[in-house]
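Summary of the model geometry
Residues per chain, in single letters:
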Amino acid sequence: MNREKYSRQILFPSIGADGQEKLLESKAVILGCGALGTAQANALARAGVGTLRIVDRDFVEESNLQRQILFDEADARERLPKAIAAARKLKQINSEIAVEGVVEDIDNRNIEGLVSGFQVVLDATDNFEARYLLNDVAVKLSLPWIYGAVVASYAMTMTILPGSTACLACLFSSPPVGATETCDTVGVISPAVSWVAAIQVTEALKILLGRRQELHGAMLAYDIWRNQLQEVRPRRDPDCRVCGAREFAWLNRSGPTHTSLCGRDSVQIHAAAPRRLDLAELKTRLAQFGRVRANEFLLIFSVDAFELTIFPDGRAIIKGTHDPTLARSVYAKYIGA
Ligand SMILES: [Zn+2]
């Protein structure tokens, strides 16, 4: 171990040299690599958490840079997948740890494989479906996870230890219905992100260090602009369908074929069956219909009013429409059903 690198953390009595060794042998997975995910990954990599996996479906855009701290203008110009750009930056920050960037959309078919074998999951997703899916798999595998969400100047977090604390479904049996405020409709400021990521990371370190008795044990919500802090102590619901009856409805339902990317004028289309696209071949074929750009991870195809970002696993983000039917027909026309 490089003691100098971690010297200030080793001086902190709750970590010490033994704790630092433990962190270097620890494994954490971060689901989502936007504002929350980059802040969490940055702190965990610097702390010397030995193995980090970062999963994200999206690519870097200019509007991310105000709050997504691992990305720069070159990443946005190159349209690098966020998981790849983050992994590259983290290796420069700390070359002693193993960082894996996974470019995938999290769904019920892949989530178990993505989180299995890790000691803690940090939630940095941007939608309720992903969090309920994560709650299901975490309870199923008895895996601690740390909920986090932020919008505007308001952020919330809760640490879930399956079997001992309330789970997400104990508090809210299902996701809210109807429109909810998101970063795409009411914006977000980076200090609110930093606040909630700091708490999530602190909780993750306590879990990795085996200091569960020091977890905060609350649902914390803070409006950093208005300086309003709320703290409630959630109780387990004995009738909870997830952690009581162990019914994993989100994990067991059939996977989505499309997802609207809220506020982005985009629809994400999933391949109906697993496939592997040859991006070089596709680039040659699509060049006769419109403008094509590519990097080693994805291909960007502009045609009519649409811009298609196509990934090797057959997933595509169709920009220029909110209409899933239209997006699917554009997908079928150029990529194939
Ligand atoms: Zn529960």
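See the structure above.
In what follows, the accompanying structure is described.

Thresholds, definitions, all that
- Residues numbered from 1 in each chain as written.
- Predicted model: local features only at pLDDT ≥ 70, side-chain atom pairs only at ≥ 80, totals over all residues.
- Heavy atoms only, no water.
- Helix = DSSP H or I, 4+ residues; strand = E, 2+ residues; numbered from the N terminus.
- Rg over C-alpha atoms; globule rule 2.2 N^0.38 Å.
- Buried < 20%, exposed > 50% of the residue type's maximum accessible area, 1.4 Å probe, protein only.
- Areas by Shrake-Rupley, 256 points an atom, 1.4 Å probe, with all protein chains shown as cover.
- Lys, Arg positive; Asp, Glu negative; His and termini not counted.
- Charge placed at Lys NZ, Arg CZ, Asp CG, Glu CD.
- Phe/Tyr/Trp six-rings, centres within 6.5 Å; stacked < 30°, edge-to-face > 60°.
- 1 Å grid on protein atoms, 1.4 Å probe; cavity = no way out; pocket = protein on both sides within 12 Å on 5 of 7 lines; lining within 4 Å.
- Points joined across faces, edges and corners; volume = space filled by probe spheres on them.
- Nonpolar A, V, L, I, M, F, W, Y, C, P; charged D, E, K, R; others polar.
- Salt bridge = Lys/Arg side-chain N within 4 Å of Asp/Glu carboxyl O.
- Arc of directions from axis to C-beta.
- Contact = heavy atoms within 4.5 Å.
- Polar contact = N/O pair within 3.5 Å; in protein donor to acceptor, adjacent residues only side chain to side chain.
- Donors = N, O, S within 2.8 Å, 3.2 Å for Na, K, Ca; no water.
- Tetrahedral: all angles 85-135°; square planar, octahedral: opposite > 155°, others 65-115°.
- Core = buried A, V, L, I, M, F, W, Y, C linked by side-chain atoms within 4.5 Å.

**Topic: the overall build of the protein chain**
Of the regular secondary structure elements, the protein chain holds 13 helices and 14 strands. In summary, the protein chain has a C-alpha radius of gyration of 20 Å against a globular reference of 20 Å for 337 residues, a match within 12%. Summarising its shape, the C-alpha atoms of the protein chain cover approximately 65 × 50 × 40 Å along the three principal directions. For the protein chain, buried positions account for 53% of its 337 residues. Surface summary for the protein chain: the accessible area is close to 15600 Å², and the carbon and sulfur share equals 50%. If you average the places of the 39 positive and of the 39 negative side-chain charges in the protein chain, the two averages end up 2 Å apart.

**Here's the deal with the packing of aromatic side chains**
Under the definition given, this model contains five aromatic pairs. Consider the rings of F289 and Y334, whose centres lie 5.7 Å apart with planes at 65 degrees: the pair is edge-to-face. Here the residue F289 occupies a position in the loop between α12 (279-286) and β11 (291-294), and Y334 occupies one in helix α13 (residues 324-334), the gap between them amounting to 45 residues. Residue F289 is classed as partly exposed on the basis of its relative accessible area, which comes to 46%. Among the residues examined, Y334 registers a relative accessible area of 8% and is labelled buried. An aromatic cluster of three or more residues is present, and its members are F289, F301 and Y334.

**So, empty space enclosed by the protein**
The gaps left among the atoms become clear once a water-sized probe is rolled over them. According to the stated counting rule, one finds one cavity of 30 Å³ or more in the structure shown. There is about 40 Å³ of room inside the largest cavity. Lining the largest cavity, in full, are F59, R79, R264, S266, E307, T309, I317 and K319. Here the residues of the lining of the largest cavity sort into two nonpolar, two polar and four charged.

**Regarding the pattern of salt bridges**
Inspection of every chain in the model, using the stated rule, returns 16 salt bridges. A salt bridge links R131 to D123; the nearest nitrogen and oxygen atoms lie 2.7 Å apart. We classify R131 as buried; its relative accessible area is 6%. Taking the shortest distance from any N to any O, the salt bridge between R285 and E281 comes out at 3.6 Å. With R285 and E281 both in helix α12 and four residues apart, this pair spans about one turn of that helix. By relative accessible area, which is 31% here, R285 ends up partly exposed. One network of salt bridges, in which partners are shared, links R57, D105 and D126.

**Remarks on α12**
Among all positions in α12, only L279, L282 and L286 are buried. The buried residues of α12 occupy an angular sector of 60 degrees when the element is viewed end-on, so they sit on one face. In α12, the exposed positions that point more than 90 degrees away from the buried face belong to A280 and T284. The elements touched by buried residues of α12 are β11, β12 (299-303), β13 (306-310) and α13. Two to three positions downstream of the cap, the backbone nitrogen of A280 sits 3.1 Å from a side-chain oxygen, assigning the N-cap of α12 to D278.

**Notes on the layout of surface pockets**
If you add up the space inside the second largest pocket, you get close to 440 Å³. In this structure, the second largest pocket is lined by 20 residues; those nearest its centre are E104, R276, D313, G314 and R315.

**Some words on the coordination of the zinc ion**
Here the zinc ion is held by the protein donor atoms C167 (SG), C170 (SG), C240 (SG) and C243 (SG), which lie 2.3 Å from it. For the zinc ion, the four donor atoms in the first shell make angles of 95 to 120 degrees at the metal, a pattern classed as tetrahedral. Along the chain, the residues that donate to the zinc ion are spaced as C-x2-C-x69-C-x2-C. With C167 in the loop between β6 (154-160) and α8 (168-171) and C240 in the loop between β8 (228-232) and α11 (249-252), this pair connects stretches of sequence that are 73 residues apart.

**Observations regarding the nonpolar core**
One finds L44, V49, V120, L122 and V150 to be the most contacted residues of the largest nonpolar core, which totals 52 residues. At the level of elements, β1 (27-31), α3 (35-47), β2 (51-56), α5 (82-93), β4 (120-123), β5 (145-151), α10 (190-208) and β7 (219-223) are the ones that each hand at least two residues to this core. Broken down by element, this core gets its largest block of residues, eleven residues, from α10. If near-sequence neighbours (up to four positions away) are discounted, V49 is found in contact with L23, S26, A28, L44, I97, L205 and L208.

**Concerning the side chain of S153**
Position of S153 relative to the elements: it lies in the loop between β5 and β6. A polar contact is formed between the side chain of S153 and the side chain of D223, at a distance of 2.8 Å. When residues no more than four places from it in sequence are discounted, the contact partners of S153 are I189, A192, Y222, D223, I224, W225 and R226.

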